[in-house]
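The residues making up each chain are set out below.
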Amino acid sequence: MSKLAIYPGSFDPVTNGHVNLIRRAVSIFDQLVVAVAINSKKAGCFSMEERIELLKAVTSDIPGVRVELFQGLLVDYAAQIGANVVVRGLRAMSDFEFEFQMAHMNRKLAPGVETVFLVTGADEFYISSSVVREVASFGGDVTGLVPDIVKDRLRAKFEPKVSG
Ligand code: PNS
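Residues numbered from 1 in each chain as written. Predicted model: local features only at pLDDT ≥ 70, side-chain atom pairs only at ≥ 80, totals over all residues. Heavy atoms only, no water.

**Q** Even after reading the chapter, I still don't get the side chain of Ser128, so can you show me in this structure?
**A** By secondary structure assignment, the location of Ser128 is in the loop between strand 5 (114-119) and helix 5 (129-137). Since its relative accessible area comes to 13%, Ser128 is described here as buried. Beyond its immediate stretch of four places on either side in the chain, Ser128 contacts Thr15 and Arg91. (Helix = DSSP H or I, 4+ residues; strand = E, 2+ residues; numbered from the N terminus. Buried < 20%, exposed > 50% of the residue type's maximum accessible area, 1.4 Å probe, protein only. Contact = heavy atoms within 4.5 Å.)

Encoded structure:
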């Protein structure tokens, strides 16, 4: 039987750290659902449609990866698609507290769902979507931090609009 895992997140936007993790996770599990959480409380930079489109574009060459949207509890979505493994990336100690709490909460809600952590790549440990957004919003160069298609979208989003 093939093993299905979920890699949930906000992906606002997808970074090279996410892509590195997706490639490694799918080499462990046969199928990986990259699940973009709909968060009605957080406006975000990219729309859900844009996040999905970008994720699909940057994972199109990776067999076994599917990109989906989900709303509500992750464990409910996991049950819905028949997955019992959640994959998350760990960059530094600062990630640990939130990840530890989330893994325990998910286990409390659904004891059959295991969280597996992959340590992020050595070249990506300092990359986060929020830092990328911040740098891009001030016109900084995000080459190497995000796939080129994401870099282009960020540039288009933040480039000064010529009025008149
Ligand atoms: O990329 P992020 O923002 O760190 O991802 C966090 C995410 C989306 C995985 C987490 O907030 C989540 O699972 N949200 C769905 C709601 C839920 O199940 N919450 C309970 C777990 S604490």
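We are not done yet, so read on.
**Q** In this structure, what is going on with the pattern of salt bridges? I would like to understand it.
**A** One pass over the structure, following the stated rule, counts 10 salt bridges. When the shortest N-O distance is used, the salt bridge between Asp12 and Arg51 registers 3.6 Å. Taken as a pair, Asp12 in the loop between strand 1 (4-9) and helix 1 (16-28) and Arg51 in helix 2 (residues 48-59) lie far apart in primary sequence, 39 residues in all. When sorted by exposure, Asp12 lands in the same class as Arg51, which is buried. The residue Arg133 makes a salt bridge to Asp12 at a minimum N-O spacing of 3.7 Å. Taken as a pair, Arg133 in helix 5 and Asp12 in the loop between strand 1 and helix 1 lie far apart in primary sequence, 121 residues in all. (Salt bridge = Lys/Arg side-chain N within 4 Å of Asp/Glu carboxyl O.)

**Q** Just checking my understanding: could you explain the nonpolar core for this structure?
**A** Within soluble globular proteins, side chains that are nonpolar generally end up buried alongside one another. Of all hydrophobic cores here, the largest spans 33 residues; its most connected members are Ile22, Leu32, Val34, Leu55, Val87 and Leu154. Counting only elements with at least two residues in this core, the list comes to strand 1, helix 1, strand 2 (31-37), helix 2, strand 3 (65-70), strand 4 (85-90), helix 5 and helix 6 (148-158). Ignoring any residue separated from it by four or fewer positions in sequence, one finds Leu154 in contact with Pro13, Phe46, Val132, Ala136, Val142 and Val146. By size, the runner-up hydrophobic cluster in this structure holds 13 residues, among which are Ile6, Val33, Leu74 and Val86. (Core = buried A, V, L, I, M, F, W, Y, C linked by side-chain atoms within 4.5 Å.)

**Q** Can you walk me through helix 6 in this structure?
**A** Given 3.6 residues per helical turn, the α-helix brings residues three or four places apart onto the same face. Turning to helix 6, its buried residues number three or more, namely Val150, Lys151 and Leu154. The buried residues of helix 6 occupy an angular sector of 100 degrees when the element is viewed end-on, so they sit on one face. Those residues of helix 6 that are buried are in contact with helix 2 and helix 5. (Arc of directions from axis to C-beta.)

**Q** When you look at the environment of Glu50 in this model, what are you seeing that I'm missing?
**A** Topologically, Glu50 is positioned in helix 2. Taking C-alpha positions, Glu50 is 28 Å from Ile28, a pair spaced 22 residues apart along the chain. Beyond its immediate stretch of four places on either side in the chain, Glu50 contacts Cys45 and Lys157. Reaching out from Glu50, the side chain makes a polar contact with the side chain of Lys157 at a distance of 3.4 Å. (Polar contact = N/O pair within 3.5 Å; in protein donor to acceptor, adjacent residues only side chain to side chain.)

**Q** Quick question: what am I supposed to make of a nonpolar patch on the surface here?
**A** A grouping of Leu73, Met105 and Leu109 is seen on the molecular surface, where their side chains present a nonpolar patch of about 280 Å² in accessible area. Tracing the backbone through its elements, the reader meets Leu73 in the loop between strand 3 and helix 3 (74-81). (Patch = residues over 30% accessible without salt bridge, like charges linked within 9 Å, V, L, I, M, F, W, Y side chains within 5 Å. Areas by Shrake-Rupley, 256 points an atom, 1.4 Å probe, with all protein chains shown as cover.)

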